[in-house]
Amino acid sequence: MATLRRQYMVARPVYSDDTLAEEHEKIHIHHKTTLAHVIQYLRCDARRVKNAVLSLLPIIGWMRIYKIRQWLLADVVSGISTGMVAIMQGLAFSLLASLPASYGLYTAFFPMIPYFFLGTSRHISIGSFPVLSLMVGAVVTRLVPDEGPPANITDFEGLSQDQQRVMVAYSVTFLMGIFQLALGILQVGFIVIYLSDTLVSGFTTAAAVQILVSQLKFVLGLTVPGINGPFSTIYTLEIIFKQITSTNICDLVMSIVIMLVVFVVKELNDKFKAKLPVPIPIEVMVTIVATGISYGFNFQTKFDVDVVGKMVSGYESPIAPNVQVFQESAVEAFPIAIVGFAVAFSVAKVYSIKHDYAIDGNQELIAFGVSNIFGASFRSFAASTALSRTAVQESSGGKTQIAGLISAMMAMIVTVALGFLLEPLPKSVLGALVIVNLKGMLMQFREIPYLWRRDMPECVVWVGTCVASILLGLDLGLAVGLGVELLTVVFRTQFPRCSVLANIPGTDLYKDRKEFQNIHQTAGVKIFRIPSPIYFANIEFFKNKLVEAVGFNPMRVLRKRDKALEKLKKLLKKSKDDITEAGTRKFFQTTSDGGKPAIDPSSVNWNADLPAGIIVPKVDLHSLILDFAAVSFLDISALKGLKTTIKEFMRVGVNVYIASCDAVVFERLHSCSFFDKEIPTSMFYPTVHDAMLHVTTHREVRQSESKFIQPT
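Cut-offs and rules
- Residues numbered from 1 in each chain as written.
- Predicted model: local features only at pLDDT ≥ 70, side-chain atom pairs only at ≥ 80, totals over all residues.
- Heavy atoms only, no water.
- Helix = DSSP H or I, 4+ residues; strand = E, 2+ residues; numbered from the N terminus.
- Buried < 20%, exposed > 50% of the residue type's maximum accessible area, 1.4 Å probe, protein only.
- Contact = heavy atoms within 4.5 Å.
- Lys, Arg positive; Asp, Glu negative; His and termini not counted.
- Charge placed at Lys NZ, Arg CZ, Asp CG, Glu CD.
- Phe/Tyr/Trp six-rings, centres within 6.5 Å; stacked < 30°, edge-to-face > 60°.
- Lys NZ or Arg CZ within 6 Å of the ring centre and 35° of its normal.
- Polar contact = N/O pair within 3.5 Å; in protein donor to acceptor, adjacent residues only side chain to side chain.
- Axes fitted to C-alpha atoms, helices over the stretch in contact; angles between N-to-C directions.
- Left-handed = near helix turned anticlockwise from the far one by under 90°.
- Nonpolar A, V, L, I, M, F, W, Y, C, P; charged D, E, K, R; others polar.
- Salt bridge = Lys/Arg side-chain N within 4 Å of Asp/Glu carboxyl O.
- pLDDT = per-residue confidence, 0-100.

K.L.:
So what about the overall build of the chain? Which residues, and what values?
P.N.:
When helices and strands are counted, the chain shows 29 helices and 8 strands. For the chain, the spread of C-alpha atoms along the three principal axes comes to 125 × 65 × 65 Å. Of all 712 residues assigned to the chain, the portion counted as buried reaches 47%. Within the chain, contacts between residues separated by at least 24 positions form 80% of all contacts whose residues are at least 6 apart in sequence. Within the chain, one finds 66 positive and 57 negative side-chain charges whose respective centroids are separated by 5 Å.

Quick look at the structure:
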């Protein structure tokens, strides 16, 4: 049964852009000068001050609507659940940063305090993130290697290796915070849009592989020096396989058991999350059990198991970062800042959409910048968020960052009063917890077949970013991934899918003639569409595709006509009986007064049968319509190329029209002196159908006029 469709009919004149502007007055937009924008930005009044305060301190906004009776208990329960996870992850991720475990608890506490006041997300859990920890650890082991002397930094004198590494970590974090704060103040939060979901997925998957490799030494109980630079993953695996026979069986068995138990319980948490009030804190449970067994059976002495060891009790006074470390690590600190913000903003965006509130990218940059600067002053390392920890905070009922503040308080309690209880904890347990938490990131490998089938350029970005990050390191890998991503964008615009349009009968719709059956294409008219901006990189591609669509090159036709014209002139000068002026008259357009044919290219009827030996490509096209609906901008090179191309077609007798040109593009054409006597503004039409109706009407009028002009 056919679907009954609504119909509409519109009766209006055929418009060009000029006639449309004459009949319908346009609003003249006055563009402000740069100085006017600056003055407006610096203007101060009570309303702007209020908005600035609310923007800088988002806590005011959500505290005014806080529902104590409904939300407070949920935030407390969520904070306790998240705090237990944050403590375990802080201890585990500190190993990735090549730091003593206690400093992971610093990262679970200090950065949360500024974010509580400055952050716009109500659900993300602030603290350590494995990818950032690994990136910080790369800088730490480069400046303070396991073997060999540390970097030549003055303040290293008299410090132990752990103290030197802590100095590097908090100095890098401080610099990372400066970068984030500066980007936020400069209002460039949009920078995160250049990190597509595909790129982030490939990057985090590569980071998961590197994290997995870095934790094998703890799981196997091996002594493997930290290696940095390109191919460090391969070199690390080489050392591990050489030492594989020295594996500590106690560490290995304990790690396997813990990974299996945690994996199974996490799967149960996911399966029954609708029925469980809070997820089962399996990481905390296995940590407590493993610590107790290690202490009771003295694993450190009997089985030579490497344990966490001395935990720092309490907090030290604030300290300034080391400027020399700034100089040594600036190149690494910037990508750490970008990645930390990109991951946190992506997670925050997911939960803001789910719970229907707004987040501000620039304010998030400021919040993370201040949080990392504040945390680094107390010796914490890079903070962002972790999806698993944030999922616990949200799924356990957290409504606001009060839950995050409570989780930070729990980390503080452990640091101040309970840290000594974790000293017998085997590092292999922390390594196993890190590995089992990589499941989500490692499962992203499943995206490759999907991307390969749906979007091959995106698949290239994913694979290129992942492989480069694994082989070259996360900082260089991110740069390579960005380069590949930008190249795919360039290629998509440089080589767009151009098409020739035709009319769907009975409608004003024009579609690609290759995609529809029973489609009408008017003889002598071509409608050409380019679905991208036109700029220096694709103007030649545009011209080549246009020549391919019309079936001839106007420059080649002009050259052929010039040569043919010279031969025709010679024929007219001959006085033979078979070649006379009257004999060649049929090759020329007849003047309206029946006068003598002119020896001029425009007066020659090039579609007539020319004398033997004169060959000129016939042009069966009289009108060319360029659909500019998808052209968002043109640069100077494109303007010059477009102008030259239009004039070439006009000189071979093809009328050119441009349809659906954007007002901004049209204004740019005016400002760049695109129009002249040969290219008037009257060739622009608001729609393709307007242009087509003009062409057919104009053609019919010319044909009717030609019937009354008889040759002499």
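K.L.:
How would you sum up the packing of aromatic side chains? Please name residues and give values.
P.N.:
This model, assessed by the stated rule, comprises 31 aromatic pairs. Ring geometry for Phe-179 and Phe-334: centres 5.4 Å apart, planes at 90°, overall edge-to-face. One end of the pair, Phe-179, is in helix H9 (residues 161–185); the other, Phe-334, is in helix H15 (residues 323–355), and 155 residues separate them in sequence. Judged by relative accessible area, which is 24%, Phe-179 ranks as partly exposed. Under the relative-accessibility criterion, Phe-334 is labelled partly exposed at 34%. Taking the centre distance of 6.3 Å and the plane angle of 35° together, the rings of Tyr-535 and Phe-633 count as tilted. Highlighted residues: Tyr-535 in the loop between strand S5 (525–529) and helix H24 (539–550) and Phe-633 in the loop between strand S6 (623–627) and helix H27 (636–651), separated in sequence by 98 residues. An aromatic cluster is defined as three or more aromatic residues linked by ring pairs; in this entry it consists of Tyr-103, Tyr-106, Phe-109, Phe-110, Tyr-315, Phe-374 and Phe-378. Above the face of the Tyr-357 ring, Arg-122 is positioned so that its terminal group lies 4.5 Å from the ring centre.

K.L.:
Let's hear about the side chain of Ser-532: which residues, and what values?
P.N.:
Checked against the element boundaries, Ser-532 lands in the loop between S5 and H24. Ser-532 gets classed as buried once you look at its relative accessible area, which sits at 4%. Here Thr-493 takes part through its backbone oxygen, which lies 3.5 Å from a polar atom of the side chain of Ser-532.

K.L.:
An account of the packing of helix H8 (residues 130–143) against helix H10 (residues 197–220) is needed here, citing residue identities and associated values.
P.N.:
In contact at an axis separation of 10 Å, H8 and H10 are set at 65° when each is read in the N-to-C sense. Remark: the crossing between H8 and H10 carries left-handed chirality. Along its contact with H8, which presents Pro-130, Val-131, Leu-134 and Met-135, the element H10 presents Phe-203, Ala-207, Gln-210, Ile-211 and Ser-214. Of the residues belonging to the contact of H8 with H10, the class tally is 7 nonpolar, 2 polar and no charged.

K.L.:
Just give me the short version of the pattern of salt bridges, but keep the residues and values in it.
P.N.:
By the definition in use, this model includes 19 salt bridges. One salt bridge in this structure joins Glu-394 and Lys-354, with 3.1 Å as the shortest N-O distance. Here Glu-394 is found in helix H17 (residues 387–395), whereas its partner Lys-354 is found in helix H15, with 40 residues between them in sequence.

K.L.:
An account of the confidence of the model for the chain is requested, with residue identities and associated values reported.
P.N.:
Mean pLDDT over the chain stands at 86; residues scoring 70 or higher make up 92%. This model gives residues 575–583 a pLDDT under 50, and the stretch forms 6 contacts once residues within four places in sequence are excluded.

K.L.:
I'd like a rundown of the environment of Arg-48, residues and numbers included.
P.N.:
Looking at the secondary structure, you find Arg-48 in helix H3 (residues 46–56). Leave out the neighbours within four places in its chain, and Arg-48 touches Gln-40, Tyr-41 and Arg-43.

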